[in-house]
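Structural description and commentary
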Amino acid sequence: MTQKVADVMWEMLAEAGVKRCYGIVGDALNPVIDALRRNGKIEFIHVRHEEYGVFAAVADAYLSGNPVVVCGTAGPGVTHLFNGLMDAHKEGAPIIAIAGDVETKLMDTAALEELNPYKFFDTACLYIGRVVNPEQARAVFTTAILTAVVDKGPTVISMPGDIASANAPKHSFHEVRIPAPPVFCPADADLDKLAEMIEAAKKVAIFGGDGCRDARDEVLQLAARLKAPVGYTFRGKQWLEHDNPYAVGMTGLLGYGGAYKAIHDADLVLLLGTDFPFSEFLPGDDVKKVQIDKNPKHIGRRTAVDLALVGDVKAAVTALLPKVRDKSDTRFLEKHVAETNSFHELLQHYVKKGPGIKPIRPEFLAATLCELASDDAMLFADTGTACIWLARHVKGGTNRRLFGSFSWASMANAAPNAFGAQLAYPGRQTIALCGDGGFTMLALGDLLTQVQRKTPVVQIILNNASLDFVNIEMQEAGVVPFGVDFQTPNFAKVAEAMGAKGIRIEEPGDVREGLAAALAHKGGPVVVDVVVDPYALSLPSHVPFHTVEGFTLSLAKQVLNGKMDSVIKTIEHNVRLV
């Protein structure tokens with residue numbers, strides 16, 4: 001039987017390791033989906049919204065390392081893929097999008113649902129291939145697959161229905177050979193320069209990001225040798241925080257511990273596999289900086305560096321270790337570890353007082369969740385205050401994973417992330433810490449998808465009837481919060497009506513029991529609706545002057561605008577912070 005072009009595509013994708021395709025079918029995709037049915041090797045995950053499917057695929061691909069496919073039909077279905085593909089681009093997830101396209105005879109005629117895939121996907125994707133002739137199909141498929149897997153990011157195959165259903169040329173199928181990851185090491189001359197800089201520095205600090213994912217052991221060996229405190233970004237937290245005697249926390253607006261002061265007080269800072277975007281929290285010209293990253297575009301764009309090394313962190317640090325001598329002075333390290341421990345004590349204030357405070361403090365909720373979650377739990381946070389509580393009160397571990405839209409900062413990612421992770425690792429504990437705004441934006445509709453598939457995903461909603469992080473940002477900017485409040489339902493009752501298990505927690509004394517019941521449930525998804533304190537604040541370990549100035553100005557403006565009650569409640573509810 002003659003193969004169709006779409007048959008060849010799915011066969012090549014399956015051979016490359018694709019196990020799942022998330023999306024919604026539609027007329028332009030009909031020949032593509034029919035070929036997927038015939039193939040039988042790749043599971044189709046029907047979602048209610050294409051964006052939900054892409055966020056699920058991002059977590060699936062990032063955590064498993066395997067390529068994952070998403071699809072949307074021509075026009076509106078395709079446009080719904082964009083936000084999730086941007087997230088895949090920023091988080092480094094190997095996603096291959098199959099975009100429905102108008103038939104070739106209609107191209108460039110402003111046909112119904114027609115768009116130019118090259119223009120539309122250009123910002124989000126590493127490669128875009130539009131298959132307009134069966135003869136080019138194999139080359140496009142190969143390039144899309146290899147680019148996604150090797151370069152760790154999203155690619156697009158734009159597929160018109162008439163080409164998908166056309167007969168494939170003889171011998172079109174060709175197995176895609178996935179190469180082993182290369183050993184990408186900086187030049188010896190650069191490593192020698194770095195060793196000289198380390199030898200000359202009395203105080204060395206390390207600041208690591210997601211590029212340390214496979215280099216944890218090597219980074220800790222280097223820290224031990226240099227007596228260097230180790231700070232990390234949010235993406236680096238899960239790799240560098242746990243069981244690390246040199247850990248000094250995070251910097252930035254989510255920051256905690258001694259990381260900010262450590263990297264500013266050092267003579268030399270090693271920036272390892274990080275593209276930390278908040279330059280105001282990084283040291284200036286008075287501190288020497290060396291950056292190691294496999295992506296040269298990351299180097300020097302956040303802060304000027306004195307030495308740039310292009311290569312994998314693991315390979316670079318492995319080659320560097322024999323070139324550096326042990327340092328003996330531990331005072332710099334001990335100072336910032338002690339500062340970190342002191343800050344942790346401050347963080348415990350609302351955790352320890354939590355059982356007696358109503359509305360429920362989110363710090364208490366997150367710390368209790370951290371304690372109850374399994375050692376190999378996968379935890380996801382919506383962009384917003386959920387990220388604050390995940391960063392500060394949920395600890396990683398050797399097998400724990402913490403993930404979110406940390407580099408793209410999209411709303412509503414946590415629930416679909418957890419869904420995709422559950423499909424990649426069936427039965428493993430998957431927990432989404434959701435904002436009430438994010439949950440109603442995207443997750444609520446596809447709760448039906450979870451119910452239908454009986455996926456045991458625990459979704460914990462921070463119900464404060466507000467876009468809380470935006471509220472904080474407005475106060476930092478010195479303006480009166482506006483447009484951030486909204487009405488929320490009883491999410492537990494809504495979940496029950498949709499066929500999921502619903503748990504409502506209003507009393508602090510019910511937090512532990514409610515979370516334990518949610519984590520123990522195995523028959524399908526759980527929605528835990530937690531009514532939390534809408535006035536809870538979380539200030540970073542280092543507060544820039546403009547932030548203090550903005551809060552002060554905002555509070556004054558709120559008083560003048562008749563919101564004295566809100567100002568008093570904010571102060572009363574954060575007595576240890578303001």
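An account of the accompanying structure is given in this report.

1. Re helix α16 (residues 362-372)
In terms of residue burial, α16 counts as a mostly covered element, since nine of its 11 residues are buried. Those residues of α16 that sit buried are Pro 362, Glu 363, Phe 364, Leu 365, Ala 366, Ala 367, Thr 368, Leu 369 and Cys 370.

2. Considering the packing of helix α9 (residues 188-200) against helix α13 (residues 313-320)
Helix packing geometry: the angle between the two helix axes and the distance between the axes. Contact geometry for α9 and α13: axes closest at 10 Å, N-to-C directions at 65°. Between α9 and α13 lies a crossing whose hand is right-handed. Across the interface between the two elements, Leu 191, Leu 194, Ala 195 and Ile 198 from α9 touch Ala 316, Ala 319 and Leu 320 from α13. Its residues placed into classes, the contact of α9 with α13 shows seven nonpolar, no polar and no charged.

3. Re the packing of aromatic side chains
Taken as a whole and judged by the stated rule, the model has 12 aromatic pairs. Judged by centre distance (5.9 Å) and plane angle (45°), the rings of Tyr 52 and Phe 419 are tilted. Highlighted residues: Tyr 52 in helix α3 (residues 50-64) and Phe 419 in helix α18 (residues 414-424), separated in sequence by 367 residues. With respect to burial, Tyr 52 and Phe 419 carry one shared label: buried. Aromatic ring contacts, followed pair by pair, group Tyr 62, Phe 234, Phe 380, Phe 403 and Phe 406 into a single cluster. It is Arg 361 that lies over the ring of Tyr 350; its NZ or CZ is 3.7 Å from the centre.

4. Side note on the pairing of strand β6 (residues 155-160)
Side-chain positions along a regular strand alternate between the two faces of the sheet. Among the six residues of β6, six are classified as buried, and the element is accordingly described as predominantly covered. Side chains Thr 155, Ile 157 and Met 159 of β6 all project onto a buried face; the interleaved residues Val 156, Ser 158 and Pro 160 project onto the opposite face, where all are buried too. By the bridge criterion, six bridges tie strand β4 (residues 95-101) to β6 in an arrangement that is parallel. Paired with Ile 96 across the strands is Thr 155, a residue of β6. Strand direction decides the pairing type here: strand β5 (residues 127-130) and β6, joined by four bridges, are parallel. Following the sheet pairing, Tyr 127 is matched in β6 by Thr 155. Crossover connection from β5 via helix α7 (residues 137-151) to parallel β6: handedness right-handed.

5. Things to note about the nonpolar core
Grouped together as the largest cluster of nonpolar side chains are 132 residues, with contacts concentrated most on Leu 85, Ile 95, Leu 270, Ile 460 and Val 528. Counting residues in each nonpolar core, the second largest holds 36 residues, with Val 8, Val 18, Val 32 and Ala 137 among its members.

6. Description of unusual backbone geometry
Residue Lys 358 is joined to Pro 359 through a cis peptide bond whose omega torsion reads 0°. If you trace the backbone, Pro 359 turns up in the loop between α15 (349-352) and α16. Look at Ala 110: it is not a glycine, yet its phi comes out positive at around 55°. Classification of Ala 110 by relative accessible area gives exposed; the value is 74%. Of note in the backbone geometry, Ala 409 takes a positive phi value of approximately 60° without being a glycine. With respect to the element layout, Ala 409 can be found in the loop between β13 (401-404) and α18.

7. What about the sheet that holds strand β3 (residues 68-72)?
By definition, the strands of a sheet pair up through backbone hydrogen bonds, in either a parallel or an antiparallel sense. If you trace the six strands from one edge of the open sheet to the other, you get β2-β1-β3-β4-β6-β5, paired in parallel fashion. Edge positions in the sheet fall to β2 (43-46) and β5, since each has one partner strand and no second. Direction aside, the axes of adjacent strands within the sheet are offset by 20° on average. Against the sheet, α3 contacts β1 (20-23), β3 and β4, and its axis sits at roughly 170° relative to β3.

8. Considering the pattern of salt bridges
With the rule as written, the count across this model stands at 28 salt bridges. Salt-bridge contacts for Glu 91 lead to Arg 235; the nearest nitrogen and oxygen are separated by 3.0 Å. Of this pair, Glu 91 sits in helix α5 (residues 82-91) while Arg 235 is found in helix α11 (residues 234-240), placing the two residues 144 residues apart along the sequence. By the burial criterion, Glu 91 is buried, and Arg 235 matches it. A salt bridge links Glu 241 to Lys 237, with the nearest nitrogen and oxygen atoms 2.8 Å apart.

What counts and how
- Residues numbered from 1 in each chain as written.
- Predicted model: local features only at pLDDT ≥ 70, side-chain atom pairs only at ≥ 80, totals over all residues.
- Heavy atoms only, no water.
- Buried < 20%, exposed > 50% of the residue type's maximum accessible area, 1.4 Å probe, protein only.
- Helix = DSSP H or I, 4+ residues; strand = E, 2+ residues; numbered from the N terminus.
- Axes fitted to C-alpha atoms, helices over the stretch in contact; angles between N-to-C directions.
- Left-handed = near helix turned anticlockwise from the far one by under 90°.
- Contact = heavy atoms within 4.5 Å.
- Nonpolar A, V, L, I, M, F, W, Y, C, P; charged D, E, K, R; others polar.
- Phe/Tyr/Trp six-rings, centres within 6.5 Å; stacked < 30°, edge-to-face > 60°.
- Lys NZ or Arg CZ within 6 Å of the ring centre and 35° of its normal.
- Pairing = 2+ DSSP bridges.
- Right-handed = clockwise from strand over helix to strand, strands pointing away.
- Core = buried A, V, L, I, M, F, W, Y, C linked by side-chain atoms within 4.5 Å.
- Salt bridge = Lys/Arg side-chain N within 4 Å of Asp/Glu carboxyl O.

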